[in-house]
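# Coordinates in review
For reference, the chains in residue letters:
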Amino acid sequence: MIKLRATLLVISFLFFTGCEKGYLDEPKPTESVNSSVIFESADGTEAFMSGILRASRSQFDRTDAGGLYSMYFARVVKGNDLVLGQQWYLFDYENNNREPNYTRTIFSWEFPYYMINQLNQFILGINGSANLSEIEKDSFLGQAHAMRAFYYFQLALEFQHTYSYDLTLPAPPIYAEPAIEGKAMSTLGELYDFIVADLNIAIETTPTNRTNKSFINRDVVYAIMARVQLVMGNWQEASNAAAIARQAYPLNANQYRTGFDDINASEWIWGMPQRADQTNYFFIAPHAFTDNINDGYGLAFWNKDFVSLFSATDVRNTFFDIYGVGNGNQYFARASSKFTFDFSSDIPIIRSPEMMLIEIEANARLGKESEAATMLLSFQKNRDANAVSSGNTGDALIEEILLERRKELYGEMGVEWFDAKRLRRGITRTGNHRIGSAANLVPDDKKFFLKIPQKEIDANPNIDESVNSNR
Amino acid sequence: MKYILISLFLALFSPLILLAQQNIIVTGVISDEFGMPLPGATVIELGTVNGVSTDFDGNYTIEVLEGATLEFSYVGYEPQNILATAENPINISLMPANELEEVVVVAFGTQSKQSIVGSVAVISESDIQSQPATTITQAIQGSVPGINVVNTGGVPGTNPTIRIRGIGSINASAAPLIIVDGAPFNGNLNSIAQEQVASISVLKDASSTSLYGSRGANGVIIVTTKSGTKETPTRISLSTVYGNSNMATPMHDLLGIDDYTRFFWEAFRNKELYENNLSPEAAGAAASSNLISSLAYNPYGIEQPVDSQGNLNGTAAWDTDWKGAILNKNAYKKQHGLSISGGSEKTTFYMGTNYIKEQGQVKTTYFERFATRINVDSEVNDFIKSGLNVSYSTSKQNSPNQSGTSFSNSIQWIYTIPSYYPLYQREAEGTLFKNAGGLPQFDYGSNNSQIVNGVRPALSNENGLGAIMNNEILKTRTYASMNGYIKIELLPELNFKSNIFYERATLDDFRYTHYKFGAASSVQGRVSQDRNFFTTLNAIQTLNYSNTFGLHTLNADAIFESYRLEQDLLDAQGTGYLPNVTVLNGSTVPESVGGAINEERILSAISRLSYNYDNTYFAEVSFRRDGSTKFSKDTRWGNFYSFGGSWILSNESFLDDVAWVDYLKLKFSYGELGNNRNIGFFPYLQVFETGYNQLDNTGVISSEFVDPNLTWEKTALQNIGTEFTLFEGKLKGSIEYYSKESIDLIYDKPLALSTGNESIKTNIGAIKNSGIEFSFNSTVLKKDDLSVDLGINFSFDKNEISDLTQEEFINGTKKWKIGKSLYEFFIRESAGVDSQDGYQMWYKDVLSDDGEPTGERVTTKEFSEATRYYLDKSSLPKMIGGFNTNVSYKNFDLSALINFSFGSYVYDGVYANLMNGFETPGRIGHPDLKNRWQKLGDQTNVPLFLNQQNDFNATSSRFLFKNNYIRVRGLNLGYTFEESWMEKYQIKGLRVYMQGDNLFTFQSHKGIDPEQALSGTTNYRSHQMKTISLGVNLQL
């Protein structure tokens, strides 16, 4: 009797705690989605592209290694026009930051490749999608190929001499699809061919409309193409691309007075937006570093020699004597109000004035000097009502154009470094620098590019120590 | 007939008659087997609450009813029952309890110590209670061989890292499984009050942990909380402790302000002289004129405090003692506890309440906890037993940053910012700045309206003391658990037990960053708050058969277990606060909101069979099959098993004549167990992660590459050992050899950065851990009133990588390669300083034409060209162990616990940064810098000062130090008051004691706490505390 009761109790317990079929199949991830959601609808695919764009402007590693904007600012401080105080980027400022285990080296390699991998997965997923229409596929593919070309271009700029130096030199490996095993180094020639091929695909398929200016559209593709062709020395192609790129973006010098922090300014072709709830806080370059008034780092100043090149009526003359040193030659003598910093300051990547100047320079080099000079003057007048024609021709005209590029783009994408590298010139420090001639660069200086990161060599069976032996 | 009736009448009315019976006085002496009196032994009149204790000489006197049964008992001895008669004295000699019949808590139940074939170590109640501490794991350190407990950092309430028998996993958790009262414990260990713990069993080998097979590969720690005892009068015990703490080991020394200033001048001068090739005069002048602009602050008030010859002219207007400002000189600790326990014939209960508050080293750090527990067991009827354990604990932990590299880490602050920089804000001329209220304010070093004394070159926009005072990091935890069981006896040999366990833990992590100063000042303050709930549900059904046929005993178990853990996470963050508003309602701009739910489930079927013949030959075998939701459907089931046996040699006839062997047992076990902890919830799924929104668009990115075939990590464990008692009980001990091979390790294998992924989580490689453990205990002296017990335990552990999927890979300061250990350093070897120019050199292999090392070495000054070497130095100790002693003399008792570690090396990154030689301005240095190279021909191992980016203090053997230490972890001296004195106040027991924790530490490398992470690298952690406390235990 007792045993019967007990047995019944036991059975009821087993029943109560028995498992249901599929008990182990129920739990699923709640904060992520799988590829079927992403590639089977245009909304899903756009979500992936949005995420990729956000990743390009997030806080990747540390204050001076946060995203694309950090790579640009590291180039800015290598020049002669900006004078940096004792703050982040100081070793870039000293042109002494290229060893295999330094943050700059690792970040400049890791970040573009991170973006390239995401883009490779994007391209692979779209090509394999069953539900997207051809038009949708083309549009997305165009954006992805263009961005991939852009990041390979950054790798080419950072890790080898310029295009015209020697195309057989080893260059960062090329991944056309996602891979788990590391690849061997490519050559500089192969890399540029790949970049141009990607851009050509993009030009065919990328539409002109886009959700907002942080996305890539056909104009952005042409703008990237213009820069690449400029570096390659293909003046006609550069000029054509630049002309198309800038068409929808009329000049408007006003933003020099309003803080250079609004992506909706008419001149901005492509930019990185920030918002109070989607921000990189103090990583935002150049704003956090060059704004000497608001609460950022604010320890970047400007070379008096550079400042003296601006006329008083030039709208881009944003310089002032912040500490009241008068004629003193301290490194902090001149500050600038070009960039205003707060957590929602947008960051420019490419603007139409740059395209116009590419067109002007290309024309000058192709021998169309009077066209170039006319366009140059109209540009100068847009920025400075009192501008008059200089009458320069030949080399003097080229120098004037290069100076105009510096005056227009200071602080933005490292124009001095970019130009010196592609034209195989040096950079000489003059004026009131904190670190002067010790940071000079000679033409074709190795300091224009970085060594290959040690971490890559350690984990990549196809790249060994010897890759750094003559860098 | 009449007599029958009268007898019946008497029997029926005997209670009344009994009432009329006399009370008698019984006296006597209770002694042990040697005839020595036992003070504090108990005499109880069975069935009543009437009981006494013996006095100092073993005498007792008790008034009882004639014919009552008296029970005489003493801890560790077999109780005896005697009928009370008027014949006096009744002297009793008690025999020691057969220790081997002692019951030990093991997996899913208890076993007699004798029958265990595996490796189980027990920390008994007396050991636990003799060293009261905040976290229960402190009792384990140094008392059990083969366990490495590392307390990283000095924040009270932090749980240590525990490793049993080496390191068995790399990425998956290598921590042992913690079981509390039979169910896996997912809460925070700091929620359990040590006072409420009865025993801790540590299961180390395969056969003992096999019943936890799928998560027991790294060992299991079983914590059993106190319960009442049957038929004992209710006992109340109260305890109070007050203590005072400071740092157990000293921090590194730092340069004083004048030395710092002169040395920085020298560093700048050296750069101009040796790197920029100025003349010595020009270099000196440049250094003098650039000193203030480089350091950005000027405490000396004159434009060039150091002249061009390097002489300091001037006195500093401030000299900040950062350490004194940030650290507490003395931290206090207090603890109060109350417990009530008792039992009737059928039901026992234990109720405990405990409160503790402990301050930490960095100002405002504290840990406060309130924990309550009720355990009830009852025999409901003659075939059903049931029990319920309920516990609740709530704690608050305020801990400003004290580890890691955030600017606000107080310890990093002390080791970074020189006394050259002021605590309070200064005007450009150096006078103290006063705010609108006329008060000074902390200097955050971010005042860019001033070019001098405005922006600090290092850690700007923060202040070491300001971060502590103005910000808040508060963790509030609650933990509630309910553990109930019902046990039904179906047949005398067949039992069914159903155990259900429910646990709910919450964590509220609140952070406030000040509205006006520091990192959130530009957004007027930030509050970020996480509120996470963790729910665990565990149901275990056990069917147990146990029977004896003659000399054969058979035990069989069939167990079915289902386990479920749910994590419910929520976080919110907002900015824009008015002064003194620190709640999210007050935020002006919501910055982010997040939340997720994650769940893990396991289903298991387990069986075990054990057999013994004549209590001399034992054999055990078990098998287990588990399915986990962490792996894909195809790879989610794992099979685990173990078998083992033991032989009690001392029961054999051939050992009967060997007098010096009292007990000798040989045992061995082998098994394969699994591990799947701490690898994420769905590590095999390639997904797109949300949270990458671009303006108004929802955004996702692809997660890292995954291995869809990821499966259980497996460990094969082998254990061979012996346990013995020799020389008539004078020496007890055990020696065990173990070997653990983890195969299919779950590891984040590094990938080439150019693939866009840092690593992929996959099953690769194998690690082997092996070692020998020794444990000896002896009652060295037992005479008159003095007894001395000594115990020592130590183990030698070896760790070796036995398989990898690629030839080798570099992992920070280590390189993993077959045959090497996980923690063997692989770094550049310092070749000292070149006496010609003062630059640091390292060794570099000379390569032959085909790129192979020829065996010869040269020195180089290019750090990136220097070769990395295995230096035969590992961060894992070669030998760890502990030494304990218990001494008692009359009413005094002393117990001491010492633990030690030899053979490990530590890479002191803190010291390396202090030796940076002024590479960047604004960072403090160590006084050892005084020995730097200064001129041609100087022989020293400190390179010249150089204010330029260099590799002098980059990772190399220069900063690799021996890390041997011996620590007096606990010392407890107590006095138990006389029985007779206490009786007057109706107190059953009173003990006062003084306790020292971490009293002395002898270390081979000073300046850091010897307990750093297992990987042997430092991380700017606060040191552990040394505490001296006074305590009282009162029993009523």
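Up top is the structure.
These figures come from a predicted structure and were not determined experimentally.

## With respect to the overall build of chain B
- Helix and strand content of chain B: 11 helices and 52 strands.
- Here the C-alpha atoms of chain B give a radius of gyration of 34 Å, agreeing with the 31 Å that 2.2 N^0.38 yields for 1036 residues.
- Over its C-alpha atoms, taken along the principal directions, chain B stretches across nearly 130 × 70 × 65 Å.
- Classification of the 1036 residues of chain B by burial places 56% in the buried group.

## Details of the sheet that holds strand 6 (residues 80-83) of chain B
Residues and elements named next belong to chain B.
- Spatially, the four strands line up as an open sheet ordered 3-2-5-6, and their pairing is antiparallel. Of all the strands in the sheet, just strand 3 (51-53) and strand 6 have a single pairing partner and so form its edges. Direction aside, the axes of adjacent strands within the sheet are offset by 20° on average.
- Pairing of strand 2 (residues 42-45) with strand 3, which is carried by three bridges, proceeds in the antiparallel orientation. Following the sheet pairing, Val43 is matched in strand 3 by Val52.

## Examining the sheet that holds strand 15 (residues 197-203) of chain B
Residue and element names in this part refer to chain B.
- Here we have five strands laid out as an open sheet, ordered 10-15-16-13-14, and mixed in their pairing. Each edge of the sheet is formed by a strand with only one pairing partner; in this case those strands are strand 10 (120-123) and strand 14 (183-184).
- Sheet analysis places strand 13 (residues 177-180) next to strand 16 (residues 220-225), joined by four bridges and oriented parallel. Each residue of the ladder has a partner; that of Leu177, found in strand 16, is Val220.

## Describing the packing of aromatic side chains
- As enumerated under the stated definition, the model contains 87 aromatic pairs over all chains in all.
- For the pair Phe39 of chain A and Phe48 of chain A, a centre-to-centre distance of 6.0 Å together with 70° between the ring planes defines the contact as edge-to-face.
- Phe48 of chain A sits in the buried class, given a relative accessible area of 0%.
- When the centroid spacing of 5.9 Å and the interplanar angle of 45° are considered together, the rings of Phe643 of chain B and Tyr670 of chain B count as tilted. Here Phe643 of chain B is found in strand 28 (residues 637-648), whereas its partner Tyr670 of chain B is found in strand 29 (residues 661-675), with 27 residues between them in sequence.
- With a relative accessible area of 35%, Phe643 of chain B lands in the partly exposed category.
- For Tyr670 of chain B, a relative accessible area of 22% translates into the label partly exposed.

## Some remarks on the interface of chain A and chain B
- Across the contact, 95 residues belong to chain A and 93 residues belong to chain B.
- When chain A packs against chain B, close to 7500 Å² is buried across both sides, 58% of that on carbon and sulfur atoms.
- Looking at the side of chain A facing chain B, the largest losses of area belong to Tyr23, Leu24 and Gln86 of chain A, adding up to 10% of the total buried there.
- The set of elements that each furnish at least two residues to the side of chain A that touches chain B consists of helix 1 (2-17), strand 1 (32-33), helix 2 (35-39), helix 3 (42-55), helix 6 (103-127) and helix 17 (454-459) of chain A.
- Sorting elements by how many residues they give to the side of chain A that touches chain B places helix 1 of chain A first, with 11 residues.
- For the side of chain A that touches chain B, the residue count by class is 48 nonpolar, 27 polar and 20 charged.
- Here strand 1 of chain A pairs with strand 30 (residues 688-690) of chain B via two bridges, running antiparallel. Looking at the pairing, Val33 of chain A lines up with Phe688 of chain B of strand 30 of chain B.

Conventions used here
Residues numbered from 1 in each chain as written. Chains lettered and ligands numbered in written order. Predicted model: local features only at pLDDT ≥ 70, side-chain atom pairs only at ≥ 80, totals over all residues. Heavy atoms only, no water. Helix = DSSP H or I, 4+ residues; strand = E, 2+ residues; numbered from the N terminus. Rg over C-alpha atoms; globule rule 2.2 N^0.38 Å. Buried < 20%, exposed > 50% of the residue type's maximum accessible area, 1.4 Å probe, protein only. Pairing = 2+ DSSP bridges. Axes fitted to C-alpha atoms, helices over the stretch in contact; angles between N-to-C directions. Phe/Tyr/Trp six-rings, centres within 6.5 Å; stacked < 30°, edge-to-face > 60°. Contact = heavy atoms within 4.5 Å. Buried area = accessible area lost by both parts, 1.4 Å probe. Nonpolar A, V, L, I, M, F, W, Y, C, P; charged D, E, K, R; others polar.

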